[in-house]
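Here are the chains, one letter per residue:
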Amino acid sequence: MSKLDAKIPKGPIDKKWTDHKNNIKLVAPANKRLIDVIVVGTGLAGGSAAASLAEMGYNVKSFCFQDSPRRAHSIAAQGGINAAKNYQNDGDSTYRLFYDTVKGGDYRSREANVYRLAEVSANIIDQCVAQGVPFAREYGGLLDNRSFGGVQVSRTFYAKGQTGQQLLLGAYSAMSRQIGKGKIKMYNRHEMMDVVVVDGKARGIIARNLVTGEIERHSAHAVVIASGGYGNVFFLSTNAMGSNTSAAWKVHKKGAYFANPCFTQIHPTCIPVSGDHQSKLTLMSESLRNDGRIWVPKDLEAAKAIREGKLKPTELKEEERDYYLERRYPAFGNLVPRDVASRAAKERCDEGYGVNATGEAVYLDFAAAIERYGKEEALVHGHDANDQNLVVKLGTAVIKAKYGNLFQMYEKIVDQDPYTTPMMIYPAVHYTMGGVWVDYNLMTTIPGCYATGEANFSDHGANRLGASALMQGLADGYFVLPYTIGDYLADDIRTGPISIDSPEFEEAENDVKKQLDFFINNKGTKSVDYFHKRLGKVMWNNVGMSRNEKGLKEAIAEIREIRDEFWKEVRVPGEVSEFNQELEKAGRVADFLELGELFAMDALERNESCGGHFREESVEVGGEQDGEALRDDKNFAFVSAWEYTGNIAESKLHKEELKYENIELKQRSYK
Ligand SMILES: Cc1cc2nc3c(=O)[nH]c(=O)nc-3n(C[C@H](O)[C@H](O)[C@H](O)COP(=O)(O)OP(=O)(O)OC[C@H]3O[C@@H](n4cnc5c(N)ncnc54)[C@H](O)[C@@H]3O)c2cc1C
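Predicted, not measured: the structure shown is a model, and the values here were computed from it.

**Student:** Would you explain the overall build of the protein in this entry?
**Tutor:** Regarding its fold elements, the protein presents 18 helices and 21 strands. Here the C-alpha atoms of the protein give a radius of gyration of 25 Å, agreeing with the 26 Å that 2.2 N^0.38 yields for 671 residues. Burial statistics for the protein: of 671 residues in total, 61% are counted as buried. Within the protein, residue pairs in contact and separated by at least 24 positions form 74% of the contacts whose partners lie at least 6 positions apart. Of the roughly 25,600 Å² of accessible surface on the protein, a fraction of 49% belongs to carbon and sulfur atoms. Positive and negative side-chain charges of the protein, numbering 84 and 92 respectively, have mean locations separated by a distance of 3 Å.

**Student:** Please clarify how the sheet that holds strand S16 (residues 435–436) should be interpreted in this entry.
**Tutor:** Pairing between the strands of a sheet comes from backbone hydrogen bonds, and it takes one of two forms, parallel or antiparallel. Reading across the sheet, the four strands line up as S16-S10-S20-S21 and stay open at both edges, with antiparallel pairing between neighbours. Two strands in the sheet have a free side with no partner beyond their single neighbour: S16 and strand S21 (652–657). In this structure, strand S10 (residues 258–259) lies alongside strand S20 (residues 638–643), joined through two bridges in antiparallel fashion. Opposite alanine 259, over in S20, you have alanine 641 as the bridge partner. Running at roughly 145° to S20, helix H17 (residues 581–605) makes contact with S10, S20 and S21 of the sheet.

**Student:** When you look at the site of the ligand in this model, what are you seeing that I'm missing?
**Tutor:** Residues in contact with the ligand amount to 38 residues; listed here are only the nearest, Gln66, Ser74, Gly79, Met192 and Glu454. Threonine 42 places a main-chain nitrogen or oxygen 2.8 Å from an oxygen atom of the ligand. A distance of 2.7 Å is found between a nitrogen atom of the ligand and a backbone nitrogen or oxygen belonging to methionine 192. Relative to its free-state accessible area of 1,000 Å², the ligand is covered by the protein chains to the extent of 97%. Breaking the shell around the ligand down by element, the ones donating at least two residues are helix H3 (44–56), strand S6 (190–198), strand S15 (423–432) and helix H13 (469–489). With three residues, S6 is the largest single contributor of residues to the shell around the ligand. Residues belonging to the shell around the ligand are distributed by class as follows: 17 nonpolar, 18 polar and three charged.

**Student:** Explain helix H5 (residues 111–131) to me, please; I cannot follow it from the model alone.
**Tutor:** Along an α-helix, residues three or four positions apart point the same way, because every turn accommodates 3.6 residues. Its 21 residues give H5 an end-to-end C-alpha distance of 30 Å, which sits within 8% of 30 Å, the value for a rise of 1.5 Å per residue. Valine 120 marks where H5 bends most, by close to 35°. Taken from the residues just after H5, glycine 132 is the one with a positive phi, measuring 95°.

Conventions and cut-offs
Residues numbered from 1 in each chain as written. Predicted model: local features only at pLDDT ≥ 70, side-chain atom pairs only at ≥ 80, totals over all residues. Heavy atoms only, no water. Helix = DSSP H or I, 4+ residues; strand = E, 2+ residues; numbered from the N terminus. Rg over C-alpha atoms; globule rule 2.2 N^0.38 Å. Buried < 20%, exposed > 50% of the residue type's maximum accessible area, 1.4 Å probe, protein only. Contact = heavy atoms within 4.5 Å. Areas by Shrake-Rupley, 256 points an atom, 1.4 Å probe, with all protein chains shown as cover. Lys, Arg positive; Asp, Glu negative; His and termini not counted. Charge placed at Lys NZ, Arg CZ, Asp CG, Glu CD. Pairing = 2+ DSSP bridges. Axes fitted to C-alpha atoms, helices over the stretch in contact; angles between N-to-C directions. Near = heavy atom within 4 Å. Polar contact = N/O pair within 3.5 Å; in protein donor to acceptor, adjacent residues only side chain to side chain. Nonpolar A, V, L, I, M, F, W, Y, C, P; charged D, E, K, R; others polar. Expected span 1.5 Å × (residues − 1). Bend = angle between axes of the 7 residues up to and from the residue.

Right, here's the structure in full:
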């Protein structure tokens, strides 16, 4: 059987998951106590999986590199989580969420997985409410919803601008209950350094205690990788500084195929880059596009005057502004999907309409929303709706209640008051749709090794719609993996504990130690960050928002050069056996330098524009879609799954053909 068997159950799409659950193998409650599972990662994907597996009776060992599971990067998620509850009575349904997600992903995701995701989405909300997650509520007490890009319904549940944090606290409390009961053994400040494969099956990991530097062996009957995304391959991204690819990359190098590495999401609403000193970018949640209007000046001279500080945006009249998303995409307006909004911003800035000193920013303006809400409030409370000062005051209060923490964050970073002058935003790297290839059961091509959440490639195709990563991570952890992992573990009930004394553990541990010693002893001349920044620049310039063959070939050559130099010149201060963050970074950047090359190779291979991946050679010419991304379904309706063969340049491409039986394949249009 091909390693790329996605194991999609037969039958109609809306019955597949139920039938599958009815037919896969089970592990009886008493036998679950005989089975150990390692979960790497405590974000929403790993936290929910660890809590659920332990609740079911498995012995779970949970790992994260932070000092607490609660600090996983998921905590940063702002805007919300989708679910097809149809609380707004606006026509939502499981099918519509499925349809929007497949279309939003530009028809490069697996139908069966996405349908299942839409199906379990409603359960996630119930589960989280039961845990006490304080979702925003309407006046009458019902859960509130807002809209996100690429859809025409309101299905996004939220907790102010802190949805990830609240959901993570829910998952963490579920974990804590199991930690208290001894069913989860928690390894904070531990980094997985490698996976151990015994007789072709994932049977454990090598971890480094980040406080003492000690190298440890941990065994289990199955290993779950929930280590998040790899956006930091670009150096600058909205991801947490610690987010990395290493756990996913290590399993890739041990046999797990890596899928669609070039599918990255560039988020349109981030605070623009301000200079070379920066190590991170800040997201302004997509929820802001519910109320903010995006524009640049219509006139090049006005844009120049704004850049030079001679003109204020508030001085431009309505007719002097180009609300380019509303102009180009009237049906979706400011709520077009992220890839469309990002490209449109870049196009305007490339044409010279950018509004900050670097020319790489557009406006996100709340004046109209403040006015609209203010008038409504004035009318509701019986005040004079023509009193402009009062209207602004009331409208500002509404905006503050909805997005206050985001506005505060913006003001702290940019030192401008976004209530009185429009925010400046620009696209930035935000999410990686690609990741470890998994089948319908979320198992990688290494038997017994699973991948969940952002670490896998499964549900988002070539572009992720907003508010669907939290949904996917929690679907994987609460509702999918707990069922599917049993199908594999049922064969292990008589295996007994896995020994850590096998040659495979020995070899993996030695390799890890060898690399750590190398870094400390190399005594080169350049810091880890020096190489990471160089890699990031190549990735952003040549493998970022738009790509072409020449640029990609150059990128591949440059990344190889940077990598060669890294291994010669990297300098890592300190010792192996101590808390040493430079040493941690060195290992992560070494992996980014390999992933970067595969990423560019994948982008080169995919000579079509789709989703967040825009190939300059593949553009619509003429007609209503002139200038839009042109997908090529005839040649590229597949998942690229790369096999490591010992040398990145010789990685082998396998193709999982994508079949669309429930949704008609069309070029996307948001007009
Ligand atoms: C600023 C921001 C806002 C966002 N807002 C939204 C939103 O509103 N809605 C939405 O749906 N999505 C949002 N996203 C995306 C979403 O937050 C992430 O995709 C999602 O939280 C990823 O969850 P995860 O559990 O897969 O990984 P993470 O939360 O990244 O967790 C990774 C875990 O793996 C651990 N780990 C990693 N490597 C190792 C290793 N080698 N050894 C041990 N442990 C390791 C880490 O310690 C951590 O516990 C946002 C993303 C960003 C950056």
